[in-house]
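Inside the fold
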Amino acid sequence: MLITCPYCGPRDVIEFTYQGDGNRERPEPASQNFEAWNAYVYDRLNPAGDHNEIWQHSGGCRAHLRVMRNTLTHEISSVAFVRGDHASPARGRAEDKP
Amino acid sequence: MSPRRTDTGGRIDRLKTIRFTFDGVAYTGHGGDTLASALLANGVTLFGRSFKYHRPRGLLSAGVEEPNALVTVLKGEVREPNIPATMIEIHDGLVAVSQNRFPSLAWDVNAVNQLGGKILSAGFYYKTFMGPVIGPLKGTRFWMFCEHFIRRAAGLGSAGSAKDPARYERMNAFCDVLVVGSGPAGLMAAKTAADQGARVVLADLEPRLGGSANWSGETIDGAPAADWVRRTVAQLEARDNVRLLPRTTVWGYYDSNTLAALERVSDHKAQPAKGEPRHRYWAIRAGSVVLATGAFERPLVFPGNDRPGVMLAHAAQRYANEFGVLPGQRVVLFTNNDSAYRSALALKQAGAAIVAIVDVRPQPSAEMSALAGEAGAELLSGHAVVATEGGKALSGLKVQRFDMVAGGLSGDARSIHTDCLLISGGWSPTIHLASQAGAKAEWNAGRQAFLPPKPTQKWIGAGAFTGSFSTLEAIAEGSASGLAAAGGTGTPAALPAFEAVPGDPDPAPVFEIRAKGKSFVDFQHDVTAEDVRLAHREGFVSVEHLKRYTTLGMATDQGKSSNIPGLAIMAEALGKPIPDVGTTRFRPPFAPVSIGSLAAERFGDLKPERLTPMHDWHLANGATMYSAGLWYRPMIYGLSGETVEQAYVREAKATRESAGIVDVSTLGKIAVQGPDAAAFLDRVYTNMFSTLAVGKARYGLMLREDGFAFDDGTTWRLGEQDFLMTTTTANAGKVMQHLEYFLDVIWPDLKVHVTSVTDEWAGAAIGGPKARQILAACVTGTHVDNATLPFMGIVHGEISGVPVMICRLSFSGEMAFEVYCGAGHGTHVWEALVEAGKPFGLVTYGLEALGTMRIEKGHVTGAEIDGRTTARDLHLDWMLSKKKPFIGSAMMDREGLVAAERLELVGLIALDNRPLNGGAHIVEEVDEANPHGSIGHITACCYSPALGRHIALALVKGGKARHGTRAHVSDPLRNRFGPVEIVSNHFYDPEGTRMHG
Ligand SMILES: [Zn+2]
């Protein structure tokens, strides 16, 4: 499996660490909504098909990426920085790519 | 000249003689021979004994699908079992032995298993090894005793125990087009794609590229097909955008068009060339793939179909045309399709007599009748073979009239004298890689075969793989697929001239002739047609269950020849059409893969080692090193004659009496910097950090999101926006990732940078009543008195000219200081500290003494923060701030996490004065004969020099409520039972007067 890091380019999956389901929504820190906390910590979608996932390029630039991966085929339809302000790198290797 | 070798013909080098041994007998063969062809040429018919019944077996095939002729190759002390003789190229000095026979191949005592055929039927293992549930042998060891012998008798070759000295390699390759299979289709594809300028890799599992063109006897471009192959291969070899990989089995098709292949680089050589590995594992990332993997011929299922001398028709043709070997002199063919007629003619031309062609079909075509006539064979249409005769070689067979629609036999059996029966039950495209790559195969009623699924990845099929069995189609499809795979912008070169040969690719739908006797479906696992029916009668209707119950298709050949016949018999038993029964999905590997190739150069102790800046000093000064994760740390600095316990007791004692110094460079260190650094730490830690003054440190605890304890350590405020966080050695990486996740994903608005600086700093902890005096003696630029450097205070100064940062904090419970300096100066500063300590009796101490002093103080480490404990369990609830939310705060008060019966941290003192063991259980009442009733377990233990007792930390139900009570350790594994007293985890100086000094 190859993940195309927006900063580093296409890299082998061994460079990445899976950081979980990207659909989780963390309640506000002070929230007392226990159901919401429970859902955030434990509930997972586990779809057979496209899945919104978070991967860290831990063996590279260490950015967290939002990866849309098909759990049946491993096909990756999109990769983007999780952090909005990284979305279009001002400089870096992604620009060198055709 | 050997008895079966033809005078001319074949792709072997008759001028080259190669010597080898099989079962201790010396033989010769020629260059280009396989072990199978060379032995066959020498008249050897018996190659092995079958799996369960020890029946004599010969060659069924000439290729990778061979189920019978598995041998063990010996190289020095190393033995490699279960290699098909058809896949071994002979070389001088090759030593091969047969398998699964005792005491010898020709005379096997276990062949008596044949007589008791019923007891070894389907599901035998499951039925037997469950053991009797009733009767006199119930619950006895008798069945385990039997199992030992049955398992020994039923099996394949045995693996050796000698270390494999061979070298293996791993290669990554990238190409535009990977072509798998180098028959006419694959060669055309490679050539066409290469002409388009694509980077092409062409892999074939055979040593000789060309596939069926090497033995088909056809004519391509006006030349023998084999010559056309050589010309085309030479053209490809000359191009620098083509890489040819003969002897390379592409065995796995993974996502993103990543394929795995095994190249057997030097197995065929007496000695590998200098630097040459034995095998090379290829990870190939291909833009697109052309699958031109051909098809496997299927055997027919009838009584005695496993006798040596019964062979697949195309295999015999291949032995004759490619290797110049005749598998027999008087040949009979038994077929349900047209392809075998061509094999008959080939053998006739090579010098054999074709006695008869037995065809299950009532009316073969006029062209086939003509071919039979040309081969000089009697054509027995509407007939079937119902029995074979002979022992270690075929001597004859019986045929009977056969009605292929009703499946019935009629008339008298007629005997035919023959030494070679060639069978053909149609062809199954080799769709394994396509199946691995994704979708389900589709049944084609005409071909009576599963054809490749629609591509789910970027591959294109060509030739027999797609069910197009003629060479004419292979050439056209190969060219088209090569063009498409390469992007297909140009025009392909004209196709080579090829004259079509007659023949219907569709076989008759006949898989089995039902008559009396054992009819084998899976030769390698000795599964008969009756076994399949028995499994059905016992209720196994799913093809997956059938496979597991009968072990059909689960041998090393993975049912390459048996899958479809087995499925057909199952379908008939179920009364369903074959596609409704379904086929199993193929999984990697396509063929056995050497484990060595997967490990490649990554074997032995290849872990990276992390060494602290003072590592060499420790070694030079008598330290015994200890691996902690990837780190190496001093365990003790033993004096001569000292035991480990004596050493750590001395070190700990001296530290508490005067002073000790320990290397703490391995602690995880993370710089947390930025305008929001303090706010971030407030969210990460359970306690408050924004209130921490610059120049002070604080002990912090982190929880996971689910409310369990995660890690602890001190964090130092070096500036308003500049913190140095320390983590436990083991969790340094995890904590870093944790922080990065929250900053990147959860709180991207926080302006904080985290940087791992573990390797930037060398650290030494110096503690004991004399520690301050030692520092005063060597530190310049700052005072170290209580006013300047109070508990948890930080100062900057110099030691021996090197800038240092000193924080007064204590893990040992003594007045102690952590001294940090740039990693490059670590040894220099360490030596200065040791030198300054000499007049004060300073000792160096290792992990054992460190652990002893922390147990005496009751501090927790990873042994207690084990992922199952909460802050409360560890009596760290005083650190849970109520003023702010933090990671884990919402989840930490859940019902189960605050229950009274949770395991809590306590101290234990052995009342029998004997050492305790980590992991031992704690019980209220000891019962050595029937250990039960655990109320907890020991996490860490030592002999405490401070207390003069054997003590331990433990997690025990009820915890504090049990202080002052008695319990017992119960450790049946190490036979350690004995009374303990449960006490507070703070054994030593609980008020902390020593460290506050
Ligand atoms: Zn990256």
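Residues numbered from 1 in each chain as written. Chains lettered and ligands numbered in written order. Predicted model: local features only at pLDDT ≥ 70, side-chain atom pairs only at ≥ 80, totals over all residues. Heavy atoms only, no water.

A count of helical and extended segments in chain B gives 23 helices and 51 strands. Radius of gyration (C-alpha) of chain B: 38 Å, far over the 30 Å computed for a compact globule of 997 residues. Projected onto its principal axes, the C-alpha positions of chain B cover 115 × 80 × 55 Å. Out of the 997 residues belonging to chain B, those deemed buried represent 58%. Taking as baseline every contact in chain B between residues at least 6 positions apart, the subset at least 24 positions apart corresponds to 66%. Surface accessibility of chain B: about 39,600 Å² in total, with carbon and sulfur atoms responsible for 54%. Seen as two clouds, the 99 positive and the 102 negative side-chain charges of chain B have centres 3 Å apart. (Helix = DSSP H or I, 4+ residues; strand = E, 2+ residues; numbered from the N terminus. Rg over C-alpha atoms; globule rule 2.2 N^0.38 Å. Buried < 20%, exposed > 50% of the residue type's maximum accessible area, 1.4 Å probe, protein only. Contact = heavy atoms within 4.5 Å. Areas by Shrake-Rupley, 256 points an atom, 1.4 Å probe, with all protein chains shown as cover. Lys, Arg positive; Asp, Glu negative; His and termini not counted. Charge placed at Lys NZ, Arg CZ, Asp CG, Glu CD.)

A separate point is the overall build of chain A. The secondary structure content of chain A amounts to 1 helix and 6 strands. Mapped from its N terminus to its C terminus, chain A presents α and β elements in the order β-β-β-α-β-β-β. By the burial criterion, 35% of the 98 residues in chain A qualify as buried. In chain A, 47% of the contacts between residues at least 6 apart in sequence involve partners at least 24 apart. Carbon and sulfur atoms form 49% of the exposed surface of chain A, whose accessible area is close to 5,700 Å².

Time to look at the interface of chain A and chain B. Each partner contributes residues to the interface: chain A has 26 residues there, and chain B has 22 residues. Between chain A and chain B, a total of about 2,100 Å² is buried, with carbon and sulfur atoms accounting for 52% of that surface. Looking only at chain A, the three residues that lose the most surface to chain B are R26, H64 and R83 of chain A, adding up to 27% of its buried area. Summed over the shared surface of chain A and chain B, the number is 4 salt bridges. Residue R285 of chain B pairs with D12 of chain A through a salt bridge whose shortest N-O separation is 2.3 Å. Inspection of the chain A/chain B interface yields 13 residue pairs in polar contact (both at pLDDT 80 or more). Taken together, the elements giving at least two residues each to the side of chain A that touches chain B come down to β3 (17-21), α1 (34-42) and β4 (50-56) of chain A. (Buried area = accessible area lost by both parts, 1.4 Å probe. Salt bridge = Lys/Arg side-chain N within 4 Å of Asp/Glu carboxyl O. Polar contact = N/O pair within 3.5 Å; in protein donor to acceptor, adjacent residues only side chain to side chain.)

Taken domain by domain, chain B holds domain 1 (1-164), domain 2 (166-297 + 428-507), domain 3 (299-394 + 407-425), domain 4 (510-587), domain 5 (649-845) and domain 6 (900-996). Measuring from the centre of the C-alpha atoms in domain 2 of chain B to the corresponding centre in domain 5 of chain B gives 62 Å. (Domains from an automatic or database assignment.)

Further remarks concern the coordination of the zinc ion. Residue and element names in this part refer to chain A. Within the protein, C5 (SG), C8 (SG), H57 (ND1) and C61 (SG) serve as the donor atoms for the zinc ion, at 2.0 to 2.4 Å. What the 4 donor atoms of the zinc ion show is an angle range of 104 to 117° at the metal, which sorts the shape as tetrahedral. Here the donor residues of the zinc ion are spaced in sequence according to C-x2-C-x48-H-x3-C. With C8 in the loop between β1 (2-5) and β2 (9-12) and H57 in the loop between β4 and β5 (64-70), the pair connects residues that are 49 residues apart, well separated along the chain. (Donors = N, O, S within 2.8 Å, 3.2 Å for Na, K, Ca; no water. Tetrahedral: all angles 85-135°; square planar, octahedral: opposite > 155°, others 65-115°.)

All names here are of chain A. Of all 7 residues that make up β5, 5 are buried, and the element is covered over most of its length. For β4 and β5, the ladder comprises 7 bridges, and the chain directions are antiparallel. The residue bridging H51 from the neighbouring strand is R69, located in β5. With 5 bridges connecting them, β5 and strand β6 (residues 76-81) associate as antiparallel partners. Of the residues in β6, the one forming a bridge with V67 is V79. Taking the residues between adjacent antiparallel strands as the criterion, β5 and β6 are bridged by 5 residues, where H74 takes a positive phi near 65°. (Pairing = 2+ DSSP bridges.)

What follows deals with unusual backbone geometry. Residues and elements named next belong to chain B. Here the residue pair P588 and P589 is connected by a cis peptide bond, since its omega of 0° sits within 30 degrees of zero. Along the chain, the position of P589 falls in the loop between α14 (578-581) and α15 (595-599). Residue D221 is not a glycine yet carries a positive backbone phi of 55°. As for its placement among the helices and strands, D221 is situated in the loop between β10 (219-220) and β11 (223-224).

Residue and element names in this part refer to chain B. Across the sheet, which stays open at both edges, the 7 strands sit in the order β41-β42-β43-β44-β40-β34-β45 with mixed pairing between neighbours. In this open sheet, the two strands that pair with only one neighbour each are β41 (779-780) and β45 (842-844). Where strand β42 (residues 794-799) and strand β43 (residues 802-807) come together, 6 bridges link them in antiparallel fashion. Note that in β43 the partner of I799 across the bridge is V802.

Residue and element names in this part refer to chain B. The biggest cluster of nonpolar side chains holds 79 residues, and the ones touching the most others in it are L35, Y319, F334 and L421. Setting aside residues no more than four positions away along its own chain, L35 makes contact with F20, V71, A85, I88, I90, L94 and A96. Ranked by size, the runner-up nonpolar core spans 49 residues in total, among them C807, Y820, L905 and L953. (Core = buried A, V, L, I, M, F, W, Y, C linked by side-chain atoms within 4.5 Å.)

This part is about the side chain of R976 of chain B. Looking at where R976 of chain B falls in the secondary structure, it is placed in strand β51 (residues 976-983). The residues touching R976 of chain B, leaving out its near neighbours within four places in the chain, are A910, D912, R914, P915, L916, N917, V969, S970 and D971 of chain B.

Let's shift gears to the confidence of the model for chain A. The predicted structure's coordinates, where accompanied by low pLDDT, should not be read in detail. Scored by pLDDT, chain A comes out at a mean of 87, with 86% of its residues at no less than 70. Note on residues 86-98 of chain A: pLDDT is under 50 here. Beyond four places in sequence and across chains, it has 18 contacts. (pLDDT = per-residue confidence, 0-100.)

The next subject is the packing of helix α6 (residues 313-323) of chain B against helix α7 (residues 339-350) of chain B. A packed helix pair is summarised by two numbers, namely the angle formed by the two axes and the spacing between the axes. Residue and element names in this part refer to chain B. Following both chains from N to C, one finds α6 and α7 inclined at 30°, their axes separated by 9 Å at the closest point. In terms of orientation, α6 and α7 fall into the roughly parallel class. Remark: the crossing between α6 and α7 carries left-handed chirality. Facing α6, whose interface residues are A313, H314, A316, Q317, A320 and N321, α7 presents A340, R342, S343, A346, L347 and A350. Across the contact of α6 with α7, the residue classes tally to 7 nonpolar, 4 polar and 1 charged. (Axes fitted to C-alpha atoms, helices over the stretch in contact; angles between N-to-C directions. Parallel < 35°, antiparallel > 145°, perpendicular 65-115°, else oblique. Left-handed = near helix turned anticlockwise from the far one by under 90°. Nonpolar A, V, L, I, M, F, W, Y, C, P; charged D, E, K, R; others polar.)

Residues and elements named next belong to chain B. In spatial order, the strands read β46-β49-β48-β47-β50-β51; together these 6 strands close into a barrel with antiparallel pairing. Neighbour-to-neighbour, the strand axes of the sheet open up by a mean angle of 45°, direction not taken into account. Alignment of strand β46 (residues 903-910) against β51, held across 4 bridges, turns out to be antiparallel. For L908, the partnering residue across the bridge sits in β51 and is I982. Along the sheet, helix α22 (residues 847-857) makes contact with β48 (934-944) and β49 (949-957), crossing β48 at roughly 125°.

Residues and elements named next belong to chain B. For S98, the position within the fold is in the loop between β7 (94-97) and α2 (124-129). When its relative accessible area of 4% is taken as the criterion, S98 is described as buried. Along the primary structure S98 and V310 are separated by 212 residues, whereas in three dimensions their C-alpha atoms are 19 Å apart.

This part is about the packing of aromatic side chains. Residues and elements named next belong to chain B. Applying the stated criterion across every chain yields a total of 21 aromatic pairs over all chains. Plain terms: the ring middles of F302 and F334 are 5.2 Å apart, the flat faces sit at 70° to each other, and that makes the pair edge-to-face. Here the residue F302 occupies a position in the loop between β16 (295-297) and β17 (310-312), and F334 occupies one in strand β18 (residues 330-335), the gap between them amounting to 32 residues. Neither F302 nor F334 differs from the other in exposure class; each is buried. When the centroid spacing of 6.2 Å and the interplanar angle of 35° are considered together, the rings of W761 and Y820 count as tilted. (Phe/Tyr/Trp six-rings, centres within 6.5 Å; stacked < 30°, edge-to-face > 60°.)

What follows is about the environment of P579 of chain B. When you line up the elements, P579 of chain B lands in helix α14. Sequence-wise, P579 of chain B and G181 of chain B are 398 residues apart; in three dimensions their C-alpha atoms are separated by 27 Å.

All names here are of chain B. According to the stated counting rule, one finds 51 salt bridges over all chains in the structure shown. We note a salt bridge from E856 to R656, for which the minimum N-O separation is 2.6 Å. Taken together, the residues span a long stretch of sequence, with E856 in helix α22 and R656 in helix α17 (residues 644-657) at a distance of 200 residues. On the basis of relative accessibility, which here comes to 0%, the residue E856 falls in the buried class. Put simply, R974 and D971 hold a salt bridge, and the shortest N to O gap is 2.8 Å. Given the relative accessible area of 44%, R974 is considered partly exposed. On the accessibility criterion, D971 (5% relative accessible area) is buried. Salt bridges sharing partners connect three or more residues here, namely R55, R57, D306 and D526.

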